[in-house]
Amino acid sequence: MTTRTLFLRAALFVAVTLTLAPTAIGAEGPPGHTHAFAAVGEPAKPTVSTRSVQVTMVDMAFEPETVKVKAGEMVHFVITNKGELLHEFTLGTPAMHSEHQKEMATMMDHGMITATGVDQKMMHMDMGGMHMSHDDPNSALVPPGETRELTWKFSKDAEIEFACNIPGHYESGMVGKIERSR
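Quick summary incoming for the structure in this document. (Residues numbered from 1 in each chain as written. Predicted model: local features only at pLDDT ≥ 70, side-chain atom pairs only at ≥ 80, totals over all residues. Heavy atoms only, no water.)

1. Brief notes about the sheet that holds strand 4 (residues 66–70)
Argument step 1. Spatially, 4-10-9-6-7 is the arrangement adopted by the five strands of the open sheet, whose pairing is mixed. The sheet is open, and its two edges are formed by strand 4 and strand 7 (139–142), each paired on a single side. Strand-to-strand, the axes of this sheet are offset by a mean angle of 20 degrees, without reference to chain direction.
Argument step 2. Bridge count between strand 6 (residues 87–92) and strand 7: four bridges; the pairing is antiparallel. Paired with Thr-90 across the two strands is Ser-139, which belongs to strand 7.
Argument step 3. Across the face of the sheet, helix 3 (residues 94–109) comes into contact with strand 6, strand 7 and strand 9 (160–163) while running at roughly 145 degrees to strand 6. (Pairing = 2+ DSSP bridges. Helix = DSSP H or I, 4+ residues; strand = E, 2+ residues; numbered from the N terminus. Axes fitted to C-alpha atoms, helices over the stretch in contact; angles between N-to-C directions. Contact = heavy atoms within 4.5 Å.)

2. Side note on the packing of aromatic side chains
Geometry of an aromatic ring pair is reported as the spacing of the ring centres plus the angle between the planes.
Argument step 1. Following the criterion strictly, the structure yields six aromatic pairs and no others.
Argument step 2. Taking the centre distance of 5.1 Å and the plane angle of 45 degrees together, the rings of Phe-77 and Phe-89 count as tilted. With Phe-77 in strand 5 (residues 74–81) and Phe-89 in strand 6, the pair connects residues that are twelve residues apart, well separated along the chain. With respect to burial, Phe-77 and Phe-89 carry one shared label: buried.
Argument step 3. Taken together through their ring pairs, the aromatic side chains of Phe-62, Phe-77, Phe-89, Phe-154 and Phe-162 make up a single cluster. (Phe/Tyr/Trp six-rings, centres within 6.5 Å; stacked < 30°, edge-to-face > 60°. Buried < 20%, exposed > 50% of the residue type's maximum accessible area, 1.4 Å probe, protein only.)

3. Overview of the environment of Phe-62
Argument step 1. Mapping Phe-62 onto the fold places it in strand 3 (residues 61–63).
Argument step 2. As for Phe-62 and Gly-173, which are separated by 111 residues in sequence, their C-alpha atoms are 9.1 Å apart.

4. Focus on the pairing of strand 4
Along any regular strand the residues' side chains alternate between the sheet's two faces.
Argument step 1. Here strand 4 shows one buried face, formed by Val-67 and Val-69, and one open face, formed by Thr-66, Lys-68 and Lys-70.
Argument step 2. Examined bridge by bridge, strand 4 and strand 10 (residues 175–181) share five bridges and lie parallel to one another. The partner of Thr-66 across the bridge, within strand 10, is Lys-177.

5. Regarding the side chain of Thr-80
Argument step 1. Residue placement: Thr-80 occurs in strand 5.
Argument step 2. The class for Thr-80 is buried, based on a relative accessible area of 18%.
Argument step 3. A polar contact of 3.0 Å, which involves the side chain of Thr-80, links it to the side chain of Thr-147.
Argument step 4. Those residues in contact with Thr-80, other than ones at most four positions away along the chain, are Val-55, Thr-56, Met-57, Glu-146 and Thr-147. (Polar contact = N/O pair within 3.5 Å; in protein donor to acceptor, adjacent residues only side chain to side chain.)

6. Comments concerning helix 3
Argument step 1. With 16 residues, helix 3 ought to run about 22 Å at 1.5 Å a step, and its terminal C-alpha atoms sit 23 Å apart, in line with that.
Argument step 2. When helix 3 is considered as a whole, its buried residues turn out to be Met-96, His-97, His-100, Gln-101, Glu-103, Met-104, Thr-106 and Met-107.
Argument step 3. Phi turns positive one or two residues past the end of helix 3, at Gly-111, with a value near 80 degrees. (Expected span 1.5 Å × (residues − 1).)

7. Concerning the sheet that holds strand 8 (residues 147–153)
Each strand in a sheet pairs with its neighbour through backbone hydrogen bonds, running either in the same direction (parallel) or in the opposite one (antiparallel).
Argument step 1. Sheet architecture is open: five strands sit in the order 1-8-5-2-3, paired in mixed fashion. A strand with exactly one partner marks an edge of an open sheet, and here the two such strands are strand 1 (42–43) and strand 3.
Argument step 2. In terms of strand pairing, strand 1 meets strand 8 through two bridges, oriented antiparallel. Residue pairing for strand 8: Glu-42 is matched across the bridge by Lys-153.

8. Some words on the pattern of salt bridges
Argument step 1. Summed over all chains, the structure comprises four salt bridges.
Argument step 2. One salt bridge in this structure joins Lys-177 and Glu-159, with 4.0 Å as the shortest N-O distance. With Lys-177 in strand 10 and Glu-159 in the loop between strand 8 and strand 9, this pair connects stretches of sequence that are 18 residues apart.
Argument step 3. Taking relative accessible area as the criterion, Lys-177 reaches 37% and is therefore assigned partly exposed. (Salt bridge = Lys/Arg side-chain N within 4 Å of Asp/Glu carboxyl O.)

Structure, rendered in structure tokens:
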């Protein structure tokens, strides 16, 4: 079997999987992490946050490594990438991160993201019936030298981490903990 045939079969499998997989939210985007974010809370408007938390990304680490939150608290994260590589800040459970890592690997394989940036043209292309994007409210891609913001209400009692799911980053230790304070 040729490499081209294997690639086409894999692309067809992914396209069928993305088309047939159910979502909990409906037609708001492709299945996968899009419907899962509700398990860890909900997006909030920055104007209603109770506090701001500065998060700095350096290559393969977050500073701070732990963020304490109260149940129901709305936190405005200001995330700055001071590293040389593209990084991601995603709030999720360990299982959500595991699934999202597969999606990020597919995005890298298709040239949507690289080690240092995002190809916006590729990110918005329909690739043979497969459309992937990175626009979920619990996640932000942060290119080197840039800052992104994310506001989140911690309304669910779940084991939550913040992590970078770009291939190899989570495994290299780029993961932090959300601790609940009472």
